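Here is what each chain is made of, one letter per residue.
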Amino acid sequence: MATDKLVAMTIFRRVAELGSFTRAADDLEITAATVSKHIAFLERDLDTRLINRTTRRMNLTDAGLAFLKRTQSLLDELEDAELEARGFQAEPRGTIRVNVPMSFGLTHITEAIDSFLRDYPEIDIDLQLSDRMVDLVEQGVDIAIRVRSSLADSSLMARPLRTSRNIVCASPGYLESAPEIHGPEDLTQHNCLTFSLHDRPRIWELGDLEVRVSGNYRTDSSLAIRQSLLRGAGVGFLPRFLVQGDIEKGALIALLPDYPPKPYTVFALFPPGRKQPTKVRLLLDHLDQYLGEKPYWE
């Protein structure tokens, strides 16, 4: 394969992943004109349009999306081959793009990434914090961490990391003046703060029961709910990994321990059909070790 084509493929991959010729040029430290030249070369060589672009936006064609998928796999394989050829003493290098839910990312993943980068200084991490699922192939994401009871999209490759549960909790200040909570049905008398990205935000599954709750606050950020709970705004149904420290300090009180919610899994997801390159496997192993056999929040 000609060197020019490899260069063009690498540039095409960054354009597709960053969604911009200019951003790709800045990232690769070349000019935007050079980026355009290599994309044009690639489209002429393949005799097909890979990117539709206007003055305001760009998007991949169907052919471009299919070519990106193949290109990512090929370049990852080449990177692994280079690393092996240099010998085991060679430092893993390159960029890993990681998409993580905001709350889990800020409370657990960022610290793990800091320690990983100390061990592998030649690797760059591009961390995206978002609770909304993204298209891994189109966005060029190597690893997406998702907290789910099950995976709806079976086409994605997945590696389960750990399990956990949600927990019903509220602050001592709120509970002092609120009706007592002895069973799930008592939640109907309370101001329940709900997470809007749940499939059924107002249905809380506790033990074998489903309780319909109501309240004056709904948000797509579990971190925002936690802050409101600490200020005494109501009752929340949040991941244990987010509030365990508050419970241990007494800032929040765990409620309804006899009605444990169903467990969910922390998954690492990958684009379909791609072998994880060495640097990605190293990060996964690091995250696995960091979280521990039994997660510290349990």
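Scope of this entry: the structure provided in the associated data block. In this text the structure is predicted, and so the values were computed from the model without any measurement. (Residues numbered from 1 in each chain as written. Predicted model: local features only at pLDDT ≥ 70, side-chain atom pairs only at ≥ 80, totals over all residues. Heavy atoms only, no water.)

## Topic: the environment of Val137
Phase 1: Mapped onto the elements, Val137 comes out in helix α6 (residues 136-139).
Phase 2: Judged by its relative accessible area of 12%, Val137 is buried. (Helix = DSSP H or I, 4+ residues; strand = E, 2+ residues; numbered from the N terminus. Buried < 20%, exposed > 50% of the residue type's maximum accessible area, 1.4 Å probe, protein only.)

## Points about the sheet that holds strand β6 (residues 157-164)
Phase 1: Reading across the sheet, the five strands line up as β4-β3-β5-β14-β6 and stay open at both edges, with mixed pairing between neighbours. Looking along the sheet, the strands with just one partner apiece sit at the ends: β4 (123-129) and β6. Each strand axis lies, on average, 20° off the axis of its neighbour in the sheet, ignoring direction.
Phase 2: Seen against the sheet, helix α5 (residues 102-119) touches β3 (94-100), β4, β5 (143-148) and β14 (264-270) and runs at an angle of roughly 175° to β4.
Phase 3: Docked against the sheet, helix α10 (residues 278-291) engages β3, β4, β5, β6 and β14, running at close to 15° with respect to β6. (Pairing = 2+ DSSP bridges. Axes fitted to C-alpha atoms, helices over the stretch in contact; angles between N-to-C directions. Contact = heavy atoms within 4.5 Å.)

## Some words on the packing of aromatic side chains
Here a ring pair, both rings aromatic, is described through the centre-centre distance and the interplanar angle of the planes.
Phase 1: Taken as a whole, this structure holds four aromatic pairs when the rule is applied.
Phase 2: Measuring from ring centre to ring centre gives 4.7 Å for Phe104 and Phe241, while their planes differ by 75°; the resulting arrangement is edge-to-face. Residue Phe104 is located in helix α5, and its partner Phe241 is located in helix α9 (residues 240-249); the two are separated by 137 residues in the primary sequence.
Phase 3: Judged by relative accessible area, Phe104 falls into the buried class, the value being 1%.
Phase 4: For the ring pair Phe116 and Tyr120, a centre distance of 4.9 Å and an interplane angle of 40° mean the geometry is tilted.
Phase 5: Taking the relative accessible area as the measure of exposure, Phe116 reaches 0% and is therefore buried.
Phase 6: Residue Tyr120 is classed as partly exposed on the basis of its relative accessible area, which comes to 22%. (Phe/Tyr/Trp six-rings, centres within 6.5 Å; stacked < 30°, edge-to-face > 60°.)

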